[in-house]
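Now for the letters of each chain:
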Amino acid sequence: MTTSTAPLPIQACSPAEAAREVAREIAALIRERRAAGRMAVLCLPTGRTPLGVYDELVRMQRDEGLDFANVTTFNLDEFLGLPPEHPQSFRRYMRERFFSRIGLEPAHTWIPSGDVAPAQIAAHCAEYEREIADAGGLDYALLGIGRNGHIGFNEPGSARDSRTREVRLHDVTRADAARAFGGLEFVPERAITMGVATILGARRVRVLAFGADKREILRRTLEDAPGPQVPATFLRGHSDVRLLADGVALGR
Ligand code: GLP
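Residue numbers run consecutively from 1 along every chain, following the written order of its sequence. Local features in this predicted model are restricted to residues whose pLDDT is 70 or higher, and side-chain atom pairs enter the listing and the counts only when it is 80 or higher, whereas totals over whole chains, interfaces and linings include all residues. Side-chain measures here rest on the full set of heavy atoms in the structure, leaving out hydrogens and waters.

Novice: Honestly, the site of the ligand in this entry has me stumped. Any pointers?
Specialist: What surrounds the ligand is the set Gly 47, Arg 48, Thr 49, Leu 76, Asp 77, Gly 144, Ile 145, His 150, Gly 152, Phe 153 and Lys 214. Here an oxygen atom of the ligand sits 2.8 Å away from a polar atom, N or O, in the main chain of Arg 48. Relative to its unbound accessible area of 390 Å², the ligand is 87% covered by the protein chains. In the scheme used here, Gly and all other residues not listed as nonpolar or charged are polar, with Ala, Val, Leu, Ile, Met, Phe, Trp, Tyr, Cys and Pro taken as nonpolar and Asp, Glu, Lys and Arg as charged. Partitioned by chemical class, the residues of the shell around the ligand number three nonpolar, five polar and three charged. To be near a molecule or strand, a residue needs just one of its heavy atoms within 4 Å of it. We call two N or O atoms a polar contact when they sit within 3.5 Å, provided that within protein one can donate a hydrogen and the other can accept it, with sequence-adjacent residues counted only if both atoms are side-chain atoms. Here the Shrake-Rupley method, with its probe set to 1.4 Å, supplies the accessible areas, and only the displayed protein chains count as covering residues.

Next comes the structure, spelled out in structure tokens:
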């Protein structure tokens, strides 16, 4: 795939509307796959942005009988140096905010390991790519966007053809995480992230962005020449991508 200057399709909506729309799409995918006797393979993010989607999917299970038995999930990223029980680990975030609430089988939830031994990191990343491929590839990638334009932890400088790998976190990413960690000195310096090419391999990609904090980076994502300086620009040109953003983030 070549880098594209195609526009990013935009759906202007409130955070609540975006959560309902994305949850509806995911539910339809799960049901369609179940009817075909197949798993639905989701790529999931952390952060504040997707919480409404997780809440809505929990509600759909409770009120509409949405069944997650045929769902496999792959998370985008994890901080290195954190054990799974660390309050800021993405493993713990996912368990508390989503997986345990819907009773998802732990064997169906993949997240890069935050406490893999340094010598094993490269093999662990290659294994993550293999597991995604063995699952049949990602059906639906849900993404947030960092204030520096990162997707997952694909920080500025990440290549279009990057795969799951160890990365050094960008200063803006660490500063944004500092409050949750109780100080910048406690924020890990490194992480494992799915690569840009891994994410772009998803059959459908949905990006969420809300609030004034995301206005400037959305403007650049939509207008800059695609390139590694703003990794989210690589989403333009995907054959089935949509940005769901509120008016504040869109500067309207
Ligand atoms: C995090 C994650 C990203 C996420 C982004 C935005 O650090 N690695 O996957 O999309 O930063 O976070 P938030 O949704 O809290 O703005």
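On we go.
Novice: Is there a simple way to think about the nonpolar core in this case?
Specialist: Side chains of nonpolar character tend, in soluble globular proteins, to be buried together. We call a set of buried residues a nonpolar core when its members are Ala, Val, Leu, Ile, Met, Phe, Trp, Tyr or Cys and they connect through side-chain atoms within 4.5 Å of each other. Think of it in three bands: with a 1.4 Å probe and only protein chains considered, a residue is buried below 20% of the maximum accessible area for its type, exposed above 50%, and partly exposed in between. Among the nonpolar cores identified, the biggest contains 32 residues, and Leu 57, Phe 68 and Phe 98 are the most heavily contacted of them. Helix numbers and strand numbers start at the N terminus; a helix is a DSSP run of H or I with at least 4 residues, a strand a run of E with at least 2. When residues of this core are traced back to their parent elements, those giving at least two are helix H1 (15-35), strand S2 (40-44), helix H2 (51-64), helix H3 (90-102) and strand S6 (140-143). Per-element tally for this core: the top contributor is H1, with eight residues. Listed in part, the 31 residues of the second largest apolar core include Val 41, Ile 132, Leu 143 and Leu 235.

Novice: Teacher, can you tell me more about the sheet that holds strand S8 (residues 190-193) here?
Specialist: Note on sheets: strands pair through backbone hydrogen bonds, and any given pair is parallel or antiparallel. Should DSSP find at least two bridges between two strands, the strands are regarded as paired. One open sheet holds the three strands; their spatial order is S4-S8-S7, and the pairing between them is antiparallel. A strand with exactly one partner marks an edge of an open sheet, and here the two such strands are strand S4 (77-79) and strand S7 (165-168). Across this sheet, the average inter-strand angle for adjacent strands is 25°, counted without regard to direction. In this sheet, S8 lies alongside S7 in antiparallel orientation, the contact comprising four bridges. Every axis in this analysis is a line fitted to C-alpha atoms, fitted for helices over the stretch in contact. Angles between the N-to-C directions lie between 0 and 180 degrees.

Novice: Can you walk me through the environment of Leu 82 in this structure?
Specialist: Tracing the backbone through its elements, the reader meets Leu 82 in the loop between S4 and H3. Each C-alpha atom, one on Leu 82 and one on Asp 115, is 5.7 Å from the other, the two residues being 33 residues apart in sequence. Here a residue-residue contact requires only that any non-hydrogen atoms of the pair lie within 4.5 Å. What Leu 82 contacts, discounting residues up to four positions off in sequence, is Gln 88, Ser 89, Gly 114, Asp 115, Phe 181 and Pro 188.

Novice: When you look at helix H4 (residues 121-134) in this model, what are you seeing that I'm missing?
Specialist: For a helix, the expected span equals 1.5 Å multiplied by the residue count minus one. In this model, H4 (14 residues) spans 20 Å end to end at C-alpha, consistent with the 20 Å of a helix rising 1.5 Å per residue. All of the buried residues in H4 are Ile 121, Cys 125, Tyr 128, Glu 129, Glu 131 and Ile 132. Projected down its long axis, H4 carries its buried residues within an arc of 160°, all on one side. The outward face of H4, more than 90 degrees from its buried face, is lined by the exposed residues Ala 122, Ala 133 and Asp 134. Here the buried face of H4 lies against strand S3 (71-75), strand S5 (109-110), S7, S8 and helix H6 (196-200). Positive backbone phi, approximately 100°, marks Gly 136, located one or two places after H4. It is the directions from the helix axis to the C-beta atoms whose arc is reported.

Novice: Mind showing me how you'd approach the sheet that holds strand S9 (residues 204-209) here?
Specialist: An order of S1-S10-S9-S6-S2-S3-S5 is seen for the seven strands of this open sheet, with the pairing classed as parallel. What marks the edges here is a single partner per strand, and that holds for strand S1 (10-12) and S5. Bridge analysis of S9 against strand S10 (residues 241-245) gives five bridges, and the strand direction is parallel. Pairing of Arg 206 across the sheet is with Arg 242, part of S10. In this fold H4 packs onto S3 and S5, with an angle of close to 150° to the strand it touches most, S3.

Novice: Help me understand helix H7 (residues 215-223) in this model?
Specialist: Owing to its 3.6 residues per turn, the α-helix aligns residues three or four sequence positions apart on the same side. Taken residue by residue, H7 has Ile 217, Leu 218 and Thr 221 as its buried positions. Buried positions in H7, seen along its axis, are confined to an arc of 105° and lie on one side of it. Lining the buried residues of H7 we find S9, S10 and helix H8 (247-250).

Novice: When you look at the packing of H1 against H2 in this model, what are you seeing that I'm missing?
Specialist: Two quantities define a packed helix pair, namely the angle between the helix axes and the distance between the axes. Contact geometry of H1 with H2 gives a least axis separation of 9 Å together with a crossing angle of 55°. Compared by their axis directions, H1 and H2 come out oblique. Considering only the axes of H1 and H2, their crossing is right-handed. Note on element contacts: H2 touches H1 through Gly 52, Val 53, Glu 56, Leu 57, Met 60 and Glu 64, opposite Ala 19, Arg 20, Val 22, Ala 23, Arg 24, Ile 26, Ala 27 and Arg 31. Among the residues forming the contact of H1 with H2, the class breakdown is eight nonpolar, one polar and five charged. An angle counts as roughly parallel when it lies under 35 degrees, as roughly antiparallel when it exceeds 145, as roughly perpendicular when it falls between 65 and 115, and as oblique in every other case. Handedness of a crossing is defined here by the sense of rotation of the near helix relative to the far one, left-handed for an anticlockwise turn of less than a right angle and right-handed for a clockwise turn.

These figures capture arrangement, not role.
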